[in-house]
Amino acid sequence: MHGSADDPLIARVAAELRRPVPLRPDFDARVMAAVHRAIPSLPVRAWTWLREPRVVAVSPIGVLAMAAGLAGILLVGAVSREPGAGSREPIAESREPMAAASVTFVLVAPQARSVALAGDFNDWDASRVLMRREASGLWTVDVPLTPGRYRYVFVVDGRRFVADPAAPRAVGDDFGTPTSVVTVGGGALRAAEGSL
Amino acid sequence: MLMLAAALGGLVAPAVARAQTERLAGRLDERTRAAVTALVDSARAAGLPADPLVNKALEGASKGADGARIAAAVRALAGDLARTRAALGRTATEAELVAGAAALRAGATPAFLERLRGDYPREPLVVPLAVMADLVARGVPADTAARSVLALVRTGMREAELVAFRQSVERDVALGAPAGAAAAVRVNAAERDFATTQAGQQPSSAPPRPRKP
Amino acid sequence: MVEGDSDGVLVRRVLDGDTEAFGGLLARHRERGLRFATAMLGDAAEAEEAVQDAFVRAYRSLRTCRESERFGAWFLRILVNRCRTRGAMRRRSERVFVYDEAALERAAARPAGDPGWREEIDRALARLDALQREAFLLKHVEGLEYEEMARLTGARIPALKMRVKRACDHLRVLLREVDDARIR
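Being a predicted model, the structure only gives us computed values, none of them experimental.

### Examining the overall build of chain C
Right, on to step 1. For chain C, the count of helices and strands is nine helices and zero strands.
Right, on to step 2. Counting from the amino terminus, helix and strand elements in chain C follow one another as α-α-α-α-α-α-α-α-α.
Right, on to step 3. By residue count, 43% of the 184 residues in chain C fall in the buried class.
Right, on to step 4. The contacts of chain C with a sequence gap of at least 6 include a subset with a gap of at least 24, amounting to 66%.

The following block contains the structure:
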């Protein structure tokens, strides 16, 4: 290694950092799922690293594989302020338009014959948004959503309500059915108090 | 119980008003539909948005709940929206009201909402409110979740970082950490680093030792 | 059989419509991507997201990959940019290492190696300026030549050399004590 041969400490550091890092077993599947979806780019700048809910394997008996950290919250536009800026300096006067983010809903359900999506964004009408089945039992659909908080469930085979294993749970009365929630952030700055 | 405040934002053209409740047609029995429509009209008169209430009714309909339960859920949500509006102010957007109602339902106090709005009068609060509710859903006690969000927003964190914080807590919980402790550890570290950077020093690189339960 | 096909062949197949061929590029380049992103970002889950994101972007803009035989270098450039974006969005205070059984388990899952040593290195890396860390990793871990690094980062070679030198100096200071204690 250039230069590190001169310094055994640096060489040891580099050697340690060259060790392979463990991979989640579904890493390839998730990337290929995203590749297959080939989501078109959003009309506004979006923090894409928060766009997709993580895929979590749902076995036929509904046991959860690892539900590690999932999006559940997506951000749209509004990049005029610098994240992490501690001060409260005035933010750019121009308001971002309330543009929609394309949210991808995913459920792994290899045994299902049909999977639909019912939620606040489609009048809770399961017949309206049927999800598309891909290889290995992955069901997906893309829905454009403006900033806000939306409750939803998957409807499997027309009758079984399934919460999204990879999303936060909704609070409040869910009518006895565990329900998921997705939040889309961003959006316009508020008008000054006193105006509408 | 709805607050019948002056309806500054509550004037909606009749056609729009009809369209909002027409979504209920064919989904609810007539009696439930009448009850919900009455609730929605009162809420609208009080300056609250109708769509979230109609969504709630449709959610109940879709899940086969009985009419009384649906009406009760709509009434409860209307109350939450009203309390949220009182705390966040008249200029709160519909999305903020919905997120605020969820936070209240998760156990936040109106004071929490007021603090948030007071600290950040011009920015959308949907994400901080949502993160609070999501943390509670993950098992973080409500007061810890509320304090965490306020503290983090005060260190300058905004939407992306608040979400990253929530994801970190979810990961810690998924790996076996108690939710409250996971949140507290990360908030303490963030506050400590914020304090030291404010003072012009480098934040400490030593990791916080987690307290054993 | 994908293993035998070169990157160039795979890229051309994907562009011709064989999406599955992208899986071959994925399999060949993901380890190195993860290695870099994990050391750069200091968080395994973030690194995975960054690498995933980079692969999806690579797929979408595959047409712009000018030398298909050099997909690896082109991909690494995308990944470096992804890591920069994420790094800028995260405050340093977020890089909290929660030492618990799960973290140790993860460390133990790595083939051999010394978990304590790796954690010390991670902490030291976290103390570096982001550009220095990036330059150090590209030079000493990924083994790139300065010309390659200049192409990848857009920085000039003298600036890159300075970053690497400063990174090494800083790491030496931070790790010397730890290293001495280990060797003894």
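### Here's the deal with the overall build of chain A
Right, on to step 1. Each helix and strand counted, chain A has two helices and eight strands in total.
Right, on to step 2. Scored against the burial criterion, the 196 residues of chain A give a buried share of 42%.

### Digging into the sheet that holds strand E5 (residues 138–145) of chain A
All names here are of chain A.
Right, on to step 1. A sheet is described by the order of its strands in space; here three strands give the open sequence E2-E5-E4, paired in antiparallel fashion. At either end of the open sheet lies a strand with only one pairing partner, and these are strand E2 (101–108) and strand E4 (132–133).
Right, on to step 2. Pairing geometry for E2 and E5, over eight bridges, is antiparallel. Bridging from a neighbouring strand, Leu107 pairs with Trp139 of E5.

### Comments concerning the environment of Arg160(A)
Residues and elements named next belong to chain A.
Right, on to step 1. Looking at the element boundaries, Arg160 is found in strand E7 (residues 160–162).
Right, on to step 2. Given 13 C-beta atoms within a 10 Å radius, Arg160 is considered partly exposed.
Right, on to step 3. Distance in space between the C-alpha atoms of Arg160 and Val115 is 9.3 Å, their sequence separation being 45 residues.

### Observations regarding helix H8 (residues 146–153) of chain C
Residues and elements named next belong to chain C.
Right, on to step 1. Within H8, the full set of buried residues consists of Met149, Leu152 and Thr153. Along H8, the residues classed as buried sweep out an arc of 80° about the axis, all on the same side.
Right, on to step 2. Of the residues flanking the end of H8, it is Gly154, one or two places downstream, whose phi is positive at about 85°.

### Regarding the packing of helix H2 (residues 27–37) of chain A against helix H3 (residues 44–60) of chain C
To describe two helices that pack against each other, one gives the angle between their axes and the distance between the axes.
Right, on to step 1. Interhelical geometry of H2(A) versus H3(C) gives an angle of 35° and a closest axis separation of 9 Å. For the pair H2(A) and H3(C), the sense of crossing is right-handed. Only Glu48(C), Gln52(C), Phe55(C), Val56(C) and Tyr59(C) of H3(C) make contact with H2(A), whose side of the interface consists of Phe27(A), Arg30(A), Val31(A), Ala34(A) and Val35(A).
Right, on to step 2. Here the contact of H2(A) with H3(C) is composed, by residue class, of seven nonpolar, one polar and two charged.

### Here's the deal with the pairing of strand E3 (residues 115–119) of chain A
Right, on to step 1. Within E3(A), five of the five residues are buried, which leaves the element mostly enclosed by the surrounding structure.
Right, on to step 2. Side chains Val115(A), Leu117(A) and Gly119(A) project from E3(A) onto one buried face, and the interleaved Ala116(A) and Ala118(A) project onto a second face that is buried too.

### A few points about the environment of Leu162(B)
Residues and elements named next belong to chain B.
Right, on to step 1. Position of Leu162 relative to the elements: it lies in helix H9 (residues 159–174).
Right, on to step 2. Residues Leu162 and Val127 lie 35 residues apart in sequence; the distance between their C-alpha atoms is 7.7 Å.
Right, on to step 3. Ignoring sequence-local partners within four residues, the contact set of Leu162 consists of Val127, Pro128, Val131, Leu152 and Met157.

### A word on the pairing of strand E6 (residues 148–156) of chain A
Residues and elements named next belong to chain A.
Right, on to step 1. With respect to burial, E6 is a largely interior element, nine of its nine residues being buried.
Right, on to step 2. Taking every second residue as pointing to the same face, both faces of E6 are buried, with Gly148, Tyr150, Tyr152, Phe154 and Val156 on one and Arg149, Arg151, Val153 and Val155 on the other.
Right, on to step 3. Bridging between E3 and E6 involves five bridges; their strand directions are antiparallel. Bridge pairing links Gly119 to Tyr152 in E6.
Right, on to step 4. In terms of strand pairing, E6 meets strand E8 (residues 180–184) through five bridges, oriented antiparallel. If you follow Tyr150 over to E8, its bridge partner there is Val182.
Right, on to step 5. Bridge count for E6 against E7 is three bridges, and the pairing is antiparallel. Note on E7: the bridge partner recorded for Phe154 is Val162.
Right, on to step 6. The hairpin turn running from E6 into E7, its antiparallel successor, is three residues long, and Asp157 in that turn takes a positive phi close to 55°.

### Some points on the environment of Val9(C)
Right, on to step 1. The topology assignment puts Val9(C) in helix H1 (residues 7–15).
Right, on to step 2. Here the alpha-carbon distance between Val9(C) and Ala21(C), two residues twelve residues apart in the chain, equals 9.2 Å.

### Some points on the confidence of the model for chain C
Residue and element names in this part refer to chain C.
Right, on to step 1. Of all residues in chain C, 79% attain a pLDDT of 70 or more, and the chain-wide mean is 81.
Right, on to step 2. By mean pLDDT, the top-scoring element of chain C is helix H7 (residues 130–141) (94), and the lowest-scoring one is helix H5 (residues 101–108) (46).
Right, on to step 3. Confidence drops under pLDDT 50 across residues 92–112; counting only partners more than four residues distant or on other chains, this segment forms 43 contacts.
Right, on to step 4. Interface confidence for the predicted complex, expressed as ipTM, amounts to 0.83; the pTM equals 0.54.

### Here we look at unusual backbone geometry
Residues and elements named next belong to chain A.
Right, on to step 1. For Trp124, which is not glycine, the phi torsion reads 55° and is therefore positive.
Right, on to step 2. Secondary-structure assignment places Trp124 in the loop between E3 and E4.
Right, on to step 3. For Trp124, a count of 26 C-beta atoms within 10 Å corresponds to the buried category.
Right, on to step 4. A positive phi angle, close to 55°, is found at Phe175, a residue other than glycine.
Right, on to step 5. When you line up the elements, Phe175 lands in the loop between E7 and E8.

Procedures and definitions
Residues numbered from 1 in each chain as written. Chains lettered and ligands numbered in written order. Predicted model: local features only at pLDDT ≥ 70, side-chain atom pairs only at ≥ 80, totals over all residues. Helix = DSSP H or I, 4+ residues; strand = E, 2+ residues; numbered from the N terminus. Buried ≥ 20, exposed ≤ 12 C-beta atoms within 10 Å, placed from the backbone. Contact = placed C-beta atoms within 7 Å. Pairing = 2+ DSSP bridges. Arc of directions from axis to C-beta. Axes fitted to C-alpha atoms, helices over the stretch in contact; angles between N-to-C directions. Left-handed = near helix turned anticlockwise from the far one by under 90°. Nonpolar A, V, L, I, M, F, W, Y, C, P; charged D, E, K, R; others polar. pLDDT = per-residue confidence, 0-100.

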